[in-house]
Amino acid sequence: DACDSPDVLKAVEAAEKSRAAPLRLAALQIVARRAPERALPIVRRLATDGSEPEQKAAFMSMAQMQGPEKPKLLAAALDQLPAGKVQPGAQLELTEAAEKSDAPAVKARWAKQQAAWKASDNELASYSFALAGGHPGRGAREFYENPVLPCARCHRINADGGEAGPDLTTIGARKDPQYLLESIILPNKHIAEGFAVLTLTLKNGTTETGPLASEDASKITLKRADGGTVDIPKAQLQTRAMAPSSMPDIYRQVFTRAQLRDVIAFLKVLTTADTGMNEGGQPRALQSAPKET
């Protein structure tokens, strides 16, 4: 194993002693795999009392570990989740470490947590891992280049993207992360203003269909395909029906957990008209996103 070479081991030992926290946490994951008994007390402490980066590293280290203590650590960490003791940005790492475990105690606790989410009134409870801890650069790459359906096909940021959906240029300043998550996972829950498509059946048997332009006490105004509008008096209305959102309800299947978290992180940084854009109008976040290897 290349990680067992003398030069690598020396580098790991140096990283463990470094004043730079990211280096120490990266070294912890290697030690957890090679010498779990040495990493165990550190992993246990960080999983319980660590900061967000420290908890994230601890749960990633658990995934690397082997031995009888691993199931105990994961089970204890899963008990922390419903108690609100797992930092938001570290929930994904815990979730994925738990899913990969075949230990009966871990599987039982994970099943119990999933059942609790399903029974909850909060439809987004099982997706709370996506609200923090993501990488905006990687999220930008998914937004612009996802091979199944890039968000930019329908959504615009500044002058870049489509117009079938709402403009997201400053979405991070206008909406909170919970709204961003709901819009991706449950696109029909709340359709953005100006993008709701109505079909109106009138008392004379005719129908009118189009995006809602405006509505008041006496009339509904729909947009026409030619750019004009039509007013429908409510006194003539028989029934009204709203079409599903034009945004496909597929992203909970298309995105991995990590991809979803990264896309939310990218949307959160879109707070001003020039956020993430260089002088040529291209997204800096996309340019700086790490290349896949």
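Report follows, based on the coordinates. Remember, predicted model here, so these are calculated numbers, not experimental data.

What to know about the packing of helix H5 (residues 69-80) against helix H6 (residues 91-99)
At a minimum axis distance of 10 Å, the contact between H5 and H6 shows a crossing angle of 135°. In terms of orientation, H5 lies oblique with respect to H6. The interaxial crossing formed by H5 with H6 has left-handed handedness. Note on element contacts: H6 touches H5 through Leu94, Ala97 and Ala98, opposite Leu74, Ala77 and Leu78. Here the contact of H5 with H6 is composed, by residue class, of six nonpolar, no polar and no charged.

Section: the layout of surface pockets
What the largest pocket holds in volume is close to 600 Å³. Around the largest pocket, the lining comprises 33 residues; the ones closest to its centre are His155, Pro166, Leu168, Ser183 and Met247. Put simply, the parts of the chain that give the lining of the largest pocket at least two residues each are helix H9 (171-174), helix H10 (177-185) and helix H12 (257-268). Considering every element that reaches the lining of the largest pocket, the biggest residue donor is H10, with four residues. For the lining of the largest pocket, the per-class residue count stands at 22 nonpolar, six polar and five charged.

Considerations on the nonpolar core
As a rule of thumb, nonpolar side chains are buried together in soluble globular proteins. Within the largest apolar cluster, 30 residues are counted, with the highest numbers of intra-cluster contacts made by Val43, Phe59, Met62 and Leu94. The biggest single contributor to this core is helix H3 (residues 36-49), with five residues. Apart from the residues lying within four places of it in its own chain, the contact partners of methionine 62 are Val43, Ala47, Lys70, Leu73, Leu74 and Ala77. Counting 27 residues, the second-largest nonpolar core is a separate cluster that includes Leu124, Leu181, Leu186 and Tyr251.

Some thoughts on the pairing of strand S3 (residues 197-202)
By the alternation rule, side chains of S3 split into Leu198, Leu200 and Leu202, which are all buried, and Val197, Thr199 and Thr201, of which none is buried. Sheet topology places S3 next to strand S4 (residues 207-215); five bridges connect them, and they run antiparallel. Its bridge partner being in S4, leucine 200 is matched across the sheet by glutamate 208. Turn length for the S3-S4 hairpin, with the two strands adjacent in sequence and antiparallel, is four residues, and the turn residue glycine 205 shows positive phi of about 95°. Looking at chain direction, S3 and strand S7 (residues 237-242) are connected through five bridges and run antiparallel. Residue threonine 201 lies in a different strand from S7, and its bridge partner there is threonine 239.

Rules of the game
- Residues numbered from 1 in each chain as written.
- Predicted model: local features only at pLDDT ≥ 70, side-chain atom pairs only at ≥ 80, totals over all residues.
- Heavy atoms only, no water.
- Axes fitted to C-alpha atoms, helices over the stretch in contact; angles between N-to-C directions.
- Helix = DSSP H or I, 4+ residues; strand = E, 2+ residues; numbered from the N terminus.
- Parallel < 35°, antiparallel > 145°, perpendicular 65-115°, else oblique.
- Left-handed = near helix turned anticlockwise from the far one by under 90°.
- Contact = heavy atoms within 4.5 Å.
- Nonpolar A, V, L, I, M, F, W, Y, C, P; charged D, E, K, R; others polar.
- 1 Å grid on protein atoms, 1.4 Å probe; cavity = no way out; pocket = protein on both sides within 12 Å on 5 of 7 lines; lining within 4 Å.
- Points joined across faces, edges and corners; volume = space filled by probe spheres on them.
- Core = buried A, V, L, I, M, F, W, Y, C linked by side-chain atoms within 4.5 Å.
- Buried < 20%, exposed > 50% of the residue type's maximum accessible area, 1.4 Å probe, protein only.
- Pairing = 2+ DSSP bridges.

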